[in-house]
Amino acid sequence: MESRANYGSDIREQNRQKRMLRQKIHRMRVLAMTAAVTLAVTMGVAEISYIQSGSISVETDGYSVINEERERRADAAAALNMADSGIQKIDITIPDYCPVNYTARSPIAMVYDKTTGSVLYSKNENEKCYPASTVKLMTAAVALDLAADDFKYVAGGELDLIQDGASLAKINKCYALNTSELMDAMIMKGGSDASYIAAANIGRLLCDNDDVASLEAVNKFVDVMNSTASAIGCTATHFTNPDGFFDAEQYTTGKDMMKIAIYASEHEEIMTAAGKAHSGGKLLSGQTYEWVNSNKMMIETSSDYYEYATGLKTGMTENSGYCIAATAEQYGHELVCIVMNAPSSEDRTFDVKALFDISFSYLSDIGNAETETY
């Protein structure tokens, strides 16, 4: 089995280089409020009805919209288009015999040890499935790859693209979020509104056009999601939207979702958001918010709570079943578990906990054996 023990250090170096690129973009001072310019000019007085107490005041106090140095946006767009170059392919080799013996209730399941680069368990890893809200892991990772650390995300017409029934963080038009708030809204709370805000704001940069239609901007961003998935080694994944709402043309496999989860987990901002039980305060534009993690494994008062869990993302639609990409750490090992198309929330949680427990028990036994041998 091909070893990937050095993967973590390699991807961290890659992310360091990306941060340097983002800092270069930041020094150009053009990314601060590009999307907001369009909102101020095109949304007009009618859209101001969306502004609630404590939100943006376009004319006076609160969050002011600026467009200085807008002429440099072409240079910024060119730099952004370079940001996904050099992404490292993630190779996952499935052994003939996996060391963890378990019969998963869910049709698709997998456990990967990031520390050693080993697959500990795999069931139907190449079977096609629908990813539901686990798609948001790729959305968040691509947004972090492309935007400067202090990028300001402003909600606009892209919110009209959200499908009825989608999970929401209740972000309205003209609200503004910083990166940390966006990650909490998207990854922790699971808001489709946050996903579309990220896609549209970055998509306009990639199009180098503040006036591009919301759907076109979102589609441009989704194109980058697909190219990033391909770059990390996904061979049977296709995205059509940034939030995971069911579409027959949006699909993945357990093995590909494992690669996406591994890639996302190397972004510190994603893991910070995913590791919170709840988040609250005031948005960049002044609104008070209070969000609870949709992954109940992170909430101590929940029956789903898992002591060693470190985060990541749940998902569910009628067509996808109950899905999760979960991470946990114990005995110096970082594990990633994928469960797709579980028949119920209870089955999903049961499988994840059991797979983590058995995997950690196996790793503990191996560690003890090595110590005794030494």
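Only a predicted model underlies this, so the values are computations on that prediction, with no experimental measurement involved. (Residues numbered from 1 in each chain as written. Predicted model: local features only at pLDDT ≥ 70, side-chain atom pairs only at ≥ 80, totals over all residues. Heavy atoms only, no water.)

Undergrad: How should I be thinking about the pattern of salt bridges in this particular structure?
TA: Pairing is possible between side chains of opposite charge, provided their charged atoms come close. Summed over all chains, the structure comprises six salt bridges. The residue Lys114 makes a salt bridge to Glu266 at a minimum N-O spacing of 2.5 Å. Pair noted here: Lys114 is in the loop between β1 (108–113) and β2 (118–123) and Glu266 is in the loop between α9 (254–265) and α10 (268–274), with a separation of 152 residues, a long-range link. Here Lys276 makes a salt bridge to Asp184, at a shortest N to O gap of 2.9 Å. Of this pair, Lys276 sits in the loop between α10 and β7 (278–282) while Asp184 sits in helix α6 (residues 179–188), and the two are 92 residues apart along the sequence. (Salt bridge = Lys/Arg side-chain N within 4 Å of Asp/Glu carboxyl O. Helix = DSSP H or I, 4+ residues; strand = E, 2+ residues; numbered from the N terminus.)

Undergrad: How should the sheet that holds strand β11 (residues 333–342) be read in this particular structure?
TA: Strand pairing within a sheet occurs via backbone hydrogen bonds; the two strands may be parallel or antiparallel. In spatial order, the strands read β2-β1-β11-β10-β9; together these five strands make up an open sheet with antiparallel pairing. Only two strands of the sheet have a single neighbouring strand rather than two, namely β2 and β9 (309–317). Taken pair by pair, the neighbouring strands of this sheet meet at an average axis angle of 5°, ignoring direction. Pairing of strand β10 (residues 321–330) with β11 involves eight bridges; the strand directions are antiparallel. Directly across from Gln330, in β11, lies its bridge partner His333. (Pairing = 2+ DSSP bridges. Axes fitted to C-alpha atoms, helices over the stretch in contact; angles between N-to-C directions.)

Undergrad: For this particular structure, what's the right way to read unusual backbone geometry?
TA: Note on backbone geometry: most residues besides glycine have negative phi, and most peptide bonds are trans. Although it is not a glycine, Asn124 adopts a positive phi angle of roughly 55°. Here Asn124 is to be found in the loop between β2 and β3 (128–129). Not every positive phi belongs to a glycine, and Asp208 is a case in point at roughly 55°. Counting through the fold element by element, Asp208 comes out in the loop between α7 (192–207) and α8 (214–231). Looking at Asp208, the relative accessible area reads 34%, which means it is partly exposed. (Buried < 20%, exposed > 50% of the residue type's maximum accessible area, 1.4 Å probe, protein only.)

Undergrad: What is the right way to read the confidence of the model for the protein from this model?
TA: For any part of a model where pLDDT is low, the fine detail of the predicted coordinates should not be relied upon. Taken residue by residue, the protein gives an average pLDDT of 83. The fraction at 70 or more is 75%. Contacts of residues 23–76 to residues separated by more than four positions or lying in other chains number 86 contacts, the stretch itself having pLDDT below 50. (pLDDT = per-residue confidence, 0-100. Contact = heavy atoms within 4.5 Å.)

Undergrad: Explain the layout of surface pockets to me, please; I cannot follow it from the model alone.
TA: Where empty space is left in the structure can be found by rolling a water-sized probe over the atoms. There is about 270 Å³ of room inside the largest pocket. As for the largest pocket, its lining consists of 20 residues, of which Ser133, Ala166, Ser167, Met316 and Thr317 are closest to the centre. The element that contributes the greatest number of residues to the lining of the largest pocket is β9, accounting for five residues. Considering only residue class, the lining of the largest pocket consists of five nonpolar, ten polar and five charged. (1 Å grid on protein atoms, 1.4 Å probe; cavity = no way out; pocket = protein on both sides within 12 Å on 5 of 7 lines; lining within 4 Å. Points joined across faces, edges and corners; volume = space filled by probe spheres on them. Nonpolar A, V, L, I, M, F, W, Y, C, P; charged D, E, K, R; others polar.)

Undergrad: How should helix α5 (residues 135–146) be read in this particular structure?
TA: Every α-helix carries 3.6 residues per turn, so stepping three or four residues along brings you back to the same face. Taking 1.5 Å of rise per residue, twelve residues should cover 16 Å, and α5 covers 17 Å from first to last C-alpha, within 8% of that figure. Across the twelve residues of α5, twelve count as buried, placing the element largely inside the fold. (Expected span 1.5 Å × (residues − 1).)

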